[in-house]
Amino acid sequence: QVQLVESGGGLVQAGGSLRLSCATSGTSVIVFRINTMGWYRQAAGKQRELVASITTGDSPNIADSVKGRFTISRDNAKNTVYLQMNSLKPEDTGVYYCNRVPSALWYAWGQGTQVTVSD
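Predicted model only: the values in this text are computed from it and were never measured.

(A) Structural detail: the overall build of the chain. The helix and strand tally for the chain stands at one helix and ten strands. Starting at the N terminus, the α and β elements of the chain follow one another as β-β-β-α-β-β-β-β-β-β-β. Relative to the globule expectation of 14 Å for 119 residues, the C-alpha radius of gyration of the chain, 13 Å, shows essentially globular dimensions. In the chain, which comprises 119 residues, the proportion classed as buried is 43%. Taking the average location of the 11 positive side-chain charges in the chain and that of its 8 negative ones, the two points are 5 Å from each other.

Given below as structure tokens:
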């Protein structure tokens, strides 16, 4: 059973930074390495959206809404994916989750990590 554990969220003022981590357990390094991984966020009352993904070849794909501010990376040896978030805005507030991309390959969702950006 694969488990996704997100961490690193918190309360930050607008313009601040946070670094999120997603540790994947229950899968081998080899299996993790061949998956495209993504960070998703869900704001209150809205659908979950993909904000960044990274392929097996470390090619990132960043949503327009966060482009230039968010960076995604991965450490295959640690089965971990990171999301560096800079210049945070109040509209970045939400619960952040990691999972595979595309949705047809989703594991069971982790608990997510709350990010709150104040004015």
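(B) Structural context of the environment of Ser28. The topology assignment puts Ser28 in the loop between strand E3 (18–25) and helix H1 (29–33). C-alpha of Ser28 to C-alpha of Asn76: the two residues are 48 residues apart in sequence and 9.9 Å apart in space.

(C) A look at the environment of Leu88. Relative to the elements of secondary structure, Leu88 occurs in the loop between strand E8 (80–85) and strand E9 (94–100). Residue class for Leu88 comes out buried when judged on its relative accessible area of 2%. Taking the C-alpha atoms as reference points, Leu88 and Val51, 37 residues apart in sequence, are found 13 Å from one another. The contacts of Leu88, once residues within four sequence positions are left out, are Val12, Ala14, Gly15, Gly16, Ser17, Leu18, Arg69, Phe70 and Val117.

(D) Representation of the side chain of Asn99 within the structure. Of note, Asn99 is situated in strand E9. Within the local environment of Asn99, its side chain forms a polar contact with the backbone nitrogen of Tyr107, the two atoms lying 2.9 Å apart. The contact partners of Asn99, leaving out residues within four places of it in the chain, are Leu4, Thr36, Met37, Gly38, Tyr40, Trp106, Tyr107, Ala108 and Trp109.

(E) Fine view of the state of the cysteines. One pass over the full model with this rule turns up one disulfide. One disulfide in the model links Cys22 with Cys98; its S-S distance is 1.7 Å. Note that Cys22 is positioned in strand E3 and Cys98 in strand E9, a separation of 76 residues in sequence.

(F) Spatial organisation of the pattern of salt bridges. Within this structure, the stated rule accounts for four salt bridges. Here Arg41 ties to Glu49 by a salt bridge, and the two come within 2.8 Å at their closest N and O atoms. Classification of Arg41 as buried rests on a relative accessible area of 7%. Here Arg69 and Asp92 are joined by a salt bridge, their closest N and O atoms 2.7 Å apart. You can see Arg69 sitting in the loop between strand E6 (60–62) and strand E7 (70–75) and its partner Asp92 sitting in the loop between E8 and E9, a full 23 residues away along the chain. Residue Arg69 is classed as buried on the basis of its relative accessible area, which comes to 9%. The exposure class assigned to Asp92 is buried, which follows from its relative accessible area of 0%.

Scoring rules and cut-offs
Residues numbered from 1 in each chain as written. Predicted model: local features only at pLDDT ≥ 70, side-chain atom pairs only at ≥ 80, totals over all residues. Heavy atoms only, no water. Helix = DSSP H or I, 4+ residues; strand = E, 2+ residues; numbered from the N terminus. Rg over C-alpha atoms; globule rule 2.2 N^0.38 Å. Buried < 20%, exposed > 50% of the residue type's maximum accessible area, 1.4 Å probe, protein only. Lys, Arg positive; Asp, Glu negative; His and termini not counted. Charge placed at Lys NZ, Arg CZ, Asp CG, Glu CD. Contact = heavy atoms within 4.5 Å. Polar contact = N/O pair within 3.5 Å; in protein donor to acceptor, adjacent residues only side chain to side chain. Disulfide = S-S within 2.5 Å. Salt bridge = Lys/Arg side-chain N within 4 Å of Asp/Glu carboxyl O.

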